[in-house]
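As a plain string of letters, each chain reads:
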Amino acid sequence: MALPRRIEGYAIVSREGMICTGDRVFPPELKNDADQRFFHDGVGRADAVANGRHSNEGGPHADERPRLVLTRRIAALAPHPSHPRALLWNPMGASLAQAWDALDVDGTLAVVGGTDVFGLFLALGYDDFFLSRAPARVPDGRPVFPGVPAQTPEDVLAAHGMIKRAERVLDDRAAVMLAQWSRA
Ligand SMILES: NC(=O)c1ccc[n+]([C@@H]2O[C@H](COP(=O)([O-])OP(=O)(O)OC[C@H]3O[C@@H](n4cnc5c(N)ncnc54)[C@H](OP(=O)(O)O)[C@@H]3O)[C@@H](O)[C@H]2O)c1
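So, a few notes on the structure that sits alongside this text. Fair warning: this is a prediction, and the values are worked out from it, not measured in the lab.

Considering the pairing of strand S6 (residues 86–89)
Point 1. Across the two faces of S6 the burial is the same, with Ala86 and Leu88 and Leu87 and Trp89 all buried.
Point 2. Here strand S5 (residues 77–79) pairs with S6 via three bridges, running antiparallel. What sits directly across from Leu77, in S6, is Trp89.
Point 3. A loop of six residues connects S5 with S6, the two strands running antiparallel in sequence.

With respect to the pattern of salt bridges
Point 1. Tallied over the full model, the rule gives nine salt bridges.
Point 2. Between Asp106 and Arg5 there is a salt bridge whose closest N-O contact spans 2.9 Å. Of this pair, Asp106 sits in the loop between helix H2 (96–103) and strand S7 (108–111) while Arg5 sits in the segment before strand S1 (6–13), and the two are 101 residues apart along the sequence.
Point 3. Across the pair Arg6 and Glu8 runs a salt bridge, and its minimum N-O distance is 3.4 Å.
Point 4. Look at Arg6 and you get partly exposed, because its relative accessible area is 29%.
Point 5. With relative accessibility at 12%, the residue Glu8 sits in the buried group.

With respect to the site of the ligand
Point 1. Every one of the 24 residues lining the ligand counts as a neighbour, but Arg24, Arg53, Ser55, Thr71 and Arg142 are closest to it.
Point 2. Within the backbone of His54, one N or O atom sits 3.1 Å away from an oxygen atom of the ligand.
Point 3. Between the ligand and the protein, one listed contact pairs an oxygen atom with a side-chain N or O atom of Thr71 at 2.6 Å.
Point 4. Protein chains bury 88% of the 920 Å² of accessible surface belonging to the ligand in isolation.
Point 5. Those elements that place two or more of their residues in the shell around the ligand are S1, strand S2 (18–20) and helix H3 (115–124).
Point 6. Each residue belonging to the shell around the ligand can be placed in one class, and the counts come to eleven nonpolar, seven polar and six charged.

A short note on the nonpolar core
Point 1. Core analysis: the biggest nonpolar cluster contains 34 residues, and Val111, Phe118, Phe121, Tyr126, Phe129, Val144 and Phe145 have the highest contact counts within it.
Point 2. Those residues in contact with Phe121 that lie beyond four places of it in its chain are Ile7, Ala50, Trp89, Leu96, Leu109, Val111 and Tyr126.
Point 3. By size, the runner-up hydrophobic cluster in this structure holds 18 residues, among which are Ile12, Ala110, Val176 and Leu178.

Thoughts on the sheet that holds strand S8 (residues 128–133)
Point 1. Taken in spatial order, the nine strands line up as S5-S6-S4-S3-S7-S1-S8-S11-S10 in an open sheet, and their pairing is mixed. The open sheet is flanked by S5 and strand S10 (162–171), the only strands paired with a single partner. Strand-to-strand twist across the sheet, computed as the mean angle between neighbouring axes with direction ignored, equals 20°.
Point 2. The sheet contact formed by strand S3 (residues 48–52) and strand S4 (residues 67–70) spans four bridges and is parallel. The residue bridging Val49 from the neighbouring strand is Arg67, located in S4.
Point 3. Helix-sheet contacts for H2 involve S1, S3, S4, S5, S6 and S7, and the interaxial angle to S6 is about 160°.

Each value, and the rule that gives it
- Residues numbered from 1 in each chain as written.
- Predicted model: local features only at pLDDT ≥ 70, side-chain atom pairs only at ≥ 80, totals over all residues.
- Heavy atoms only, no water.
- Buried < 20%, exposed > 50% of the residue type's maximum accessible area, 1.4 Å probe, protein only.
- Helix = DSSP H or I, 4+ residues; strand = E, 2+ residues; numbered from the N terminus.
- Pairing = 2+ DSSP bridges.
- Salt bridge = Lys/Arg side-chain N within 4 Å of Asp/Glu carboxyl O.
- Near = heavy atom within 4 Å.
- Polar contact = N/O pair within 3.5 Å; in protein donor to acceptor, adjacent residues only side chain to side chain.
- Areas by Shrake-Rupley, 256 points an atom, 1.4 Å probe, with all protein chains shown as cover.
- Nonpolar A, V, L, I, M, F, W, Y, C, P; charged D, E, K, R; others polar.
- Core = buried A, V, L, I, M, F, W, Y, C linked by side-chain atoms within 4.5 Å.
- Contact = heavy atoms within 4.5 Å.
- Axes fitted to C-alpha atoms, helices over the stretch in contact; angles between N-to-C directions.

This is how it looks when you write it as structure tokens:
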């Protein structure tokens, strides 16, 4: 039974470490063209995507991508009702290896959120997590990981054995930074 060769996470967060508002709206303050390009390039190179029921990467190729859609509405694994290349997956009923086998792909899995899905894969183990930070304020939003904002996203990554390998400015004018966190 196989696992993804690589697991990569992608998120952009507010000052408080939030990925969206409390009512699950992705706020325009978090949308940045340079980050969107980086994100879509990364997801485009991946062989499959994992996301919760309220998230996906969007874009013209989203419907064609092999995808694991996490949901507790099924017991283990089931065909997606509308996307032939997607599977519904409940990790309580099927392991990642079982889901990956059922998806029948090889290579890199890109994890695109939201909160609990990012959190689940912290335990399963990212090879890289690409964390973008925007200077926007999104108080009372949904955090990138369970445990934020009591801890910062960086604290959570470090507590899961990740180290910051690189950091760069993604958008100078908008003051958006990108950090690559890698398995230590
Ligand atoms: N800023 C960013 O980088 C970023 C990234 C991703 C998403 N977002 C935004 O965040 C919002 C959605 O995030 P979200 O956290 O509310 O939703 P989400 O993770 O996309 O969806 C939550 C749903 O996914 C399922 N789920 C999540 N974890 C699961 C688990 N461990 N096992 C089984 N099912 C699981 C559940 O579906 P059921 O209810 O069917 O059981 C849950 O209700 C959207 O606005 C999106 O645009 C932003």
